[in-house]
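Analysis of the macromolecular model
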Amino acid sequence: MTAVAHRTPTLASRLPAVGTTIFTVMSALATQHGAVNLGQGFPDFECDPKLLDAVNAAMRAGHNQYPPMAGIAPLREAVAAKIEALYGARYDAGSEITVTAGATQAILTAILAVVHPGDEVIVLEPCYDSYAPNIELAGGRVVRVALTPGNFRPDFAAIAAALNPKTRAILVNSPHNPSATVWTRAEMQRLASLLEPTDTLLISDEVYEHMVFDGAPHASASSIPSLAARSVVVSSFGKTFHVTGWKIGTVAAPAPLTAEFRKVHQFNVFTVNTPMQHALAAYLADPTPYRTLPAFYQAKRDLFRAGLAGTRLRLLPSEGSYFQCIDYSAVSDLGEEAFCRWLTSEVGVAAIPLSAFYADGRDQHIARLCFAKRDETLKTALERLSRL
Ligand SMILES: Cc1ncc(COP(=O)(O)O)c(C=O)c1O
């Protein structure tokens, strides 16, 4: 038989600007050079064995078929109770809480549900890399507003200048990846006042809500009633319980917003894996794991910062999340990506350039390191970094 050459049609890419991310590049480089990988943001330690036992028990109890579309009722009820206890906001578990396949799916689904072609969506750069492609997939226009250079606090004059009748939503992430800043309650209130006269929604990415340090509170959008009324609040169990690979999170939003969210969710993932939902519902009965998380990560932050204090790296504040940014201007003239490649291959520690979180790739001589690692891993990294 002669082979027939079948033709694969040529596509016009929906996301022409998207290529291999720096996270993949740096992780491959870290493996190649045996570097300690402080680049990608995930723990190198295990979750609580009780959580694993709960998943196992759920599977053996026969919780292995499709759950309800919005998530199992006990998990939605546990999440509603947790939000009320922590932030004083009452969400109806039936009509206002949805279980998602992690925050990534929650954010895409929220954007697809609310953004119409031509709508504008504000993102505050530097920002998580999925936001802009999500907005583009919905046919929206990405409006980039920079966080204040130097301290990465919100620039309210710039946000106000960007708001207009076409602004469908603004995405805010606090505690913030990559800068590790945490919005104060006053800053959230200022955002609430800015949005009050508009029809703009807030998509509040709060995946690091349980990693806020030095006794500061997490100012959730849900805790400010005028903001909660226009917000889709996104949380992630992956971050909170050291199970980033489970890809499970929740969305809390007023009933009319949840109804639109679920229309897309239904035909996007439809449901999220059943045994994990049962396990998390049972595990949430004890608040200790998330109540003690700030102290757990603060100890790692302090160990890491103390180790870096003797180097010429300038440490930016790390108020929350599991990231620490460093200004390496006193150490090297290299651009951020070149510096991170050098750090990985020559020093043996992988980091992520801050420029990866900006569309224009601007260079501020800053790199992001992740300290969600075992103390031994951090100490090995610190030994290597102590030469700088
Ligand atoms: C700011 C931010 N949002 C969302 C996510 C994604 O969370 P999930 O793993 O639950 O999809 C991450 C993960 O790194 C993140 O840093």
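Up top you'll find the structure we're talking about.
The following paragraphs examine the structure supplied in this document. Counting restarts for each chain, with residues numbered from 1 along the sequence as it is written. Thresholds applied to this predicted model are a pLDDT of at least 70 for local features of residues and 80 or more for the giving and counting of side-chain atom pairs; totals over whole chains, interfaces and linings are not thresholded and use all residues. To obtain the side-chain values, all non-hydrogen atoms of the structure were used and water was disregarded.

**Thoughts on the pattern of salt bridges**
- Salt bridge criterion: a side-chain nitrogen from Lys or Arg within 4 Å of a carboxyl oxygen from Asp or Glu. Applying the stated rule across the entire model yields 15 salt bridges.
- By sharing partners, the salt bridges in this structure join D44, R374 and E376 into a single network.

**A few points about the sheet that holds strand β2 (residues 97-100)**
- Pairing is mixed in the open sheet, where seven strands are placed in the order β2-β8-β7-β6-β5-β3-β4. The two strands at the open ends of the sheet, each matched to only one other strand, are β2 and β4 (141-146). The mean angle between the axes of side-by-side strands here comes to 20 degrees, regardless of whether they run parallel or antiparallel.
- Note on pairing: two strands pair once DSSP finds at least 2 bridges between them. Note on conventions: DSSP H or I runs of at least 4 residues are helices, E runs of at least 2 residues are strands, and numbering of each starts at the N terminus. Two elements, strand β6 (residues 201-205) and strand β7 (residues 231-236), share four bridges in a ladder whose sense is parallel. In the sheet register, I203 faces β7, and the bridge partner there is V232.
- In this analysis, two residues are considered to be in contact whenever any of their non-hydrogen atoms come within 4.5 Å of each other. The axes are straight lines fitted to the C-alpha atoms, using for helices just the contacting stretch, and the angles between their N-to-C directions are given from 0 to 180°. Sheet contacts for helix α10 (residues 255-266): β2, β6, β7 and β8 (249-252); angle to β2, the most-contacted strand, approximately 25 degrees.

**As for the sheet that holds strand β9 (residues 314-315)**
- Sheet architecture is open: four strands sit in the order β9-β10-β13-β12, paired in antiparallel fashion. Two strands in the sheet have a free side with no partner beyond their single neighbour: β9 and β12 (352-353).
- As paired strands, strand β10 (residues 323-327) and strand β13 (residues 366-370) are joined by five bridges and run antiparallel to one another. Bridging from a neighbouring strand, C325 pairs with R368 of β13.

**Details of the packing of aromatic side chains**
- When the centres of two rings from Phe, Tyr and Trp lie within 6.5 Å, Trp using its six-membered ring, the rings pair. Their planes under 30 degrees apart give stacked, over 60 give edge-to-face, and anything left gives tilted. Per the counting criterion, the structure on display carries 16 aromatic pairs.
- Ring centres 5.7 Å apart and planes at 40 degrees place the aromatic pair F339 and W342 in the tilted group. Taken as a pair, F339 and W342 lie in helix α14 (residues 336-347) at a separation of three residues, close to a single helical turn.
- Here's how the labels work: a residue is buried when its accessible area is under 20% of the maximum for its type, exposed when over 50%, partly exposed in between, all with a 1.4 Å probe on protein chains only. Take F339: its relative accessible area is 0%, and that puts it in the buried class.
- A relative accessible area of 30% means that W342 is categorised as partly exposed.
- Linked through ring pairs, F45, Y208, F296, Y297, Y322 and F323 together constitute an aromatic cluster.
- For a ring to carry a charge above it, either NZ of a lysine or CZ of an arginine must fall within 6 Å of the ring centroid while also lying within 35 degrees of the normal to the ring plane. Here the guanidinium or amino end of K373 rests over the ring plane of F42, the centre of that ring lying 4.2 Å away.

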